[in-house]
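# Observations on chain architecture
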Amino acid sequence: MSQRGSEENIMSHWPKIRPTIDEMVNRQFDTAEFKKLFAVRLTPPRVEVYQNHMTFYANNRRDCWSFVAGKAPLDVKRAIWLHEKDELIHDDRMGRAHVTEQDLQAGDESLLAPAAKAAFYAWLYCAREKPWLEGLVYSHILERRNNSAIVKGGGLVERWKRKQRAELGTKEAEKDFQTEVHAVADEDHSDIFEPIFTRYVDSETAAQAMLAATRDGLLIDRALRGALADAMAAVE
């Protein structure tokens, strides 16, 4: 390790707050909204509701990452671009980008639950109006919550994959290739930002801002998951 790298690690507050953030991510699955979502019995019409919401969720993620990149230092822009190549250009694991114009054309924004749409606007606000490090956290924490190397029992996408296979059967579940691929991709996507946090969480002020953004970002996530549960339960 270079002298500069050693100095960054010594000065960084990231190692001190990372266990707290990982604990917060794990606790997400004990919240009422997440329990409600996983209690909804899956049927093909309910999966259609879920997938329609996820189409616009994925598009919202692209907007939020872009707003953060516009304000961030060059090394952060590079990390975001590396992350977004899979999402927007091509992921070899999927054989295409994660979100395309065809996906959006096939979706119906008018069918989004009101609280889900409000969550999307909340994430956009945070990406645009918060300082870049906090804005980054609002997006990163969603993929950290998907990282099965961090979340005991599996991240959200891994758990959802298992739920679909158990309740719909493997053949039907594998049609949702977005879930199948993201169960793997988001571990890589989450890990990309470890060096960024080591470098830039360099003060107690930055550390506290990151913890606050984590708390708020997970609250918005809970709002979306609760809205999804209600929207899915409303159809047979």
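Below is a summary of the structure that appears in this document. Keep in mind that what you see is a predicted model, and the values were worked out from it rather than measured.

Calculation rules
Residues numbered from 1 in each chain as written. Predicted model: local features only at pLDDT ≥ 70, side-chain atom pairs only at ≥ 80, totals over all residues. Heavy atoms only, no water. Helix = DSSP H or I, 4+ residues; strand = E, 2+ residues; numbered from the N terminus. Contact = heavy atoms within 4.5 Å. Areas by Shrake-Rupley, 256 points an atom, 1.4 Å probe, with all protein chains shown as cover. Core = buried A, V, L, I, M, F, W, Y, C linked by side-chain atoms within 4.5 Å. Buried < 20%, exposed > 50% of the residue type's maximum accessible area, 1.4 Å probe, protein only. Salt bridge = Lys/Arg side-chain N within 4 Å of Asp/Glu carboxyl O. Phe/Tyr/Trp six-rings, centres within 6.5 Å; stacked < 30°, edge-to-face > 60°. Lys NZ or Arg CZ within 6 Å of the ring centre and 35° of its normal. Polar contact = N/O pair within 3.5 Å; in protein donor to acceptor, adjacent residues only side chain to side chain. Axes fitted to C-alpha atoms, helices over the stretch in contact; angles between N-to-C directions. Left-handed = near helix turned anticlockwise from the far one by under 90°.

## Some details on the overall build of the chain
Check the secondary structure of the chain and you find 13 helices and 0 strands. Walking the chain from its N terminus toward its C terminus, one meets helices and strands in the order α-α-α-α-α-α-α-α-α-α-α-α-α. Within the chain, counting contacts between residues at least 6 apart in sequence, those at least 24 apart form 79% of the total. Total accessible area computed for the chain in this model is approximately 11,300 Å², and 54% of it derives from carbon and sulfur atoms.

## So, the nonpolar core
Counting 61 residues, the largest nonpolar core has Trp-123, Leu-136, Phe-193, Phe-197, Val-201 and Leu-224 as the members making the most contacts within it. Ranked by residues supplied to this core, first place goes to helix 13 (residues 204–233) with 13 residues. Ignoring any residue separated from it by four or fewer positions in sequence, one finds Leu-136 in contact with Trp-65, Val-68, Val-76, Ile-80, Phe-193, Ile-196 and Phe-197.

## Here we look at the environment of Ser-66
Summarising the element assignment, Ser-66 is placed in helix 4 (residues 44–71). In the structure, Ser-66 is positioned 14 residues away from Ile-80 in sequence and 8.3 Å away in space, judged by C-alpha atoms.

## Some points on the pattern of salt bridges
Under the definition given, this model contains 15 salt bridges. Notably, a salt bridge pairs Arg-18 with Glu-194, separated by 3.0 Å at the nearest N-O pair. Here Arg-18 is found in helix 2 (residues 14–27), whereas its partner Glu-194 is found in helix 12 (residues 194–200), with 176 residues between them in sequence. Taking relative accessible area as the criterion, Arg-18 reaches 29% and is therefore assigned partly exposed. The salt bridge involving Arg-27 is made with Glu-23; its shortest N-O contact spans 2.9 Å. On the criterion of helical spacing, the pair formed by Arg-27 and Glu-23 is a turn pair, its members being 4 residues apart in helix 2.

## What about the packing of aromatic side chains?
Here the structure, examined in full by the defined rule, presents 8 aromatic pairs. Ring plane angle 75° and centroid distance 5.3 Å describe the contact between Phe-29 and Phe-34, whose orientation is recorded as edge-to-face. An identical accessibility class is assigned to Phe-29 and Phe-34; each is buried. An aromatic cluster is built from Phe-38, Tyr-50 and Trp-160, whose rings are joined through pairwise contacts. The ring of Phe-29 is capped by Arg-159, whose NZ or CZ atom sits 4.0 Å from the centre of that ring. The ring of Tyr-57 carries Arg-225 above its face, with NZ or CZ at 5.3 Å from the centroid.

## Focus: the side chain of Lys-163
With respect to the helices and strands, the residue Lys-163 is situated in helix 9 (residues 156–168). We classify Lys-163 as buried; its relative accessible area is 7%. A polar contact is formed between the side chain of Lys-163 and the side chain of Glu-167, at a distance of 2.8 Å.

## Section: the environment of Thr-205
Here Thr-205 shows up in helix 13. Of the residues examined, Thr-205 reaches a relative accessible area of 63% and is grouped as exposed. Remark: the alpha-carbon pair of Thr-205 and His-13, spanning 192 residues in sequence, is separated by 9.6 Å.

## Considering the packing of helix 4 against helix 13
At a minimum axis distance of 8 Å, the contact between helix 4 and helix 13 shows a crossing angle of 145°. Regarding helix 4 and helix 13, the two cross each other, and that crossing is right-handed. Each of Arg-46, Val-49, Tyr-50, His-53, Met-54 and Tyr-57 in helix 4 lies in contact with helix 13, whose residues at this interface are Leu-224, Arg-225, Leu-228, Ala-231, Met-232 and Ala-233.

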